[in-house]
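Here's the letter readout for the chains.
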Amino acid sequence: KKYKFYGHLFIYLQVELHLHLDGSLRITTIWELAQKKGIDLGCNTLAELENIVRIRRPSTLAEFLKPYKIFMPIIIGDPEALERVAYELCEDQAKQGVCYFEARFSPHLCSNTHGLPPDQVVSPDDDKAVTPRKVVEKVLEGLRRGEKDFNIKARVILCCMVGQSSWDEDVLALCVEFKLQGVVGIDIAGDEAGEVETDNEENVTMKTIEVFQKAERLGIHRTAHAGEAGPAANVDRAIRELRVERIGHGYHSTDDEEIYNQVLNLGIHLEACPYSSYLTGSVPLTTQKHPIIRYAEDNANFSISRDGPTVTGTTLNDEYDLLKCMGLKEVHFARANLNAARASFLPDEEKQELLEHVKNMHGLSL
Ligand SMILES: [Zn+2]
């Protein structure tokens, strides 16, 4: 018992801000639900499944996102599955020492009323309809159950999707409606580099800009995937036009000194994901100095997350180990977790509480 107590005290010290709920499914759960629901995953064994959903070599962001097509059907339009994976994520996070995390997803891509081919999409009036709103409800249910059972704190960020700006208004409305029930922010995700790499107008539309600026006025926290596979200009745009407080990845901001200095000066928080940065091809293996190392050297406001562990197959420890190989030290990790707590989208009082906890856990004086 004593051991467990110390273990518990010792391990609850990580804060993870950039985690896709639909990219954090257990392989075993994907397998089990596929069997139960008669979904063809395109493989015959659990080991084969693991093989096809894990990206092991640097690739492109588009390739990195492909496995989602394999396992998303497991949760799409299934309220019980959504509740379950949210609950399981709390258990998995607690096991690896996370005290607080923010899970993000597109409520539309998890629904069966949007984003599906015409022959599969369900009308919102249909009995079988699982609307984006229902998706949010079920995920929050699962997280609440998990929080209680595993003594962890979890909140939600809702994602707009590149190329689907007609959903943006709806995403913001859900952020507002569920603000007091655990939704703490809005994001834009997807393939920022896609076919529209050089055309910012298409990449982030006027509609998205409008919605993010409205979010700011309504007191909804904002982050955006930018400067991952796309250029530094996307980071600049996210700061100026989407009015973000945090940037997902942001690696390519370091390609442009002016933009990178802006990030540093404004204290914009960078949600860094080490393995993901390589596996998406965003940071080539030949890069002399990884942008995350620059973040650390320049004392940038950054934290460490996994992005999509189903695909990367990593634990947080793996991510830290990778950074250790590049020269980061314990003090950087303590600082990163403190930064994460400070940049979390929690209301002030809860944020203070989390900050104190993280400071204590890392043995930092207040
Ligand atoms: Zn991401």
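This text gives an overview of the structure that appears in the document.

Calculation rules
- Residues numbered from 1 in each chain as written.
- Predicted model: local features only at pLDDT ≥ 70, side-chain atom pairs only at ≥ 80, totals over all residues.
- Heavy atoms only, no water.
- Phe/Tyr/Trp six-rings, centres within 6.5 Å; stacked < 30°, edge-to-face > 60°.
- Helix = DSSP H or I, 4+ residues; strand = E, 2+ residues; numbered from the N terminus.
- Buried < 20%, exposed > 50% of the residue type's maximum accessible area, 1.4 Å probe, protein only.
- Arc of directions from axis to C-beta.
- Donors = N, O, S within 2.8 Å, 3.2 Å for Na, K, Ca; no water.
- Tetrahedral: all angles 85-135°; square planar, octahedral: opposite > 155°, others 65-115°.

### Focus: the packing of aromatic side chains
Taken as a whole, this structure holds 5 aromatic pairs when the rule is applied. An angle of 50° between the planes, with centres 5.2 Å apart, marks the rings of Y68 and F71 as tilted. Here Y68 and its partner F71 are both found in helix α5 (residues 67-75), 3 residues apart, which amounts to about one turn of the helix. Aromatic pair Y260 and Y295: ring centres 6.5 Å apart, planes at 20°, arrangement stacked. With a gap of 35 residues between them, Y260 in helix α13 (residues 257-266) and Y295 in helix α15 (residues 291-297) connect regions that are remote in the sequence. Taken together, Y260, Y295 and F302 form an aromatic cluster joined through their ring pairs.

### Details of helix α9 (residues 168-177)
Within the sequence span of α9, burial applies to D168, V171, L172, L174 and C175. Along the axis of α9, the buried residues cluster in a sector spanning 160°; they form a single face.

### Notes on the coordination of the zinc ion
Taken together, H18 (NE2), H20 (NE2), H225 (NE2) and D307 (OD) make up the full set of protein donors to the zinc ion, lying 2.1 to 2.5 Å away. Relative to the metal, the 4 donor atoms surrounding the zinc ion lie at angles of 86 to 173°, and the coordination shape comes out irregular. Written as a sequence motif, the donor arrangement for the zinc ion is H-x1-H-x204-H-x81-D. Linking H18 in strand β1 (residues 14-20) with H225 in strand β5 (residues 221-226), this pair joins segments that are 207 residues apart in sequence. H18 gets classed as buried once you look at its relative accessible area, which sits at 0%. Its relative accessible area of 9% is what places H225 among the buried residues.

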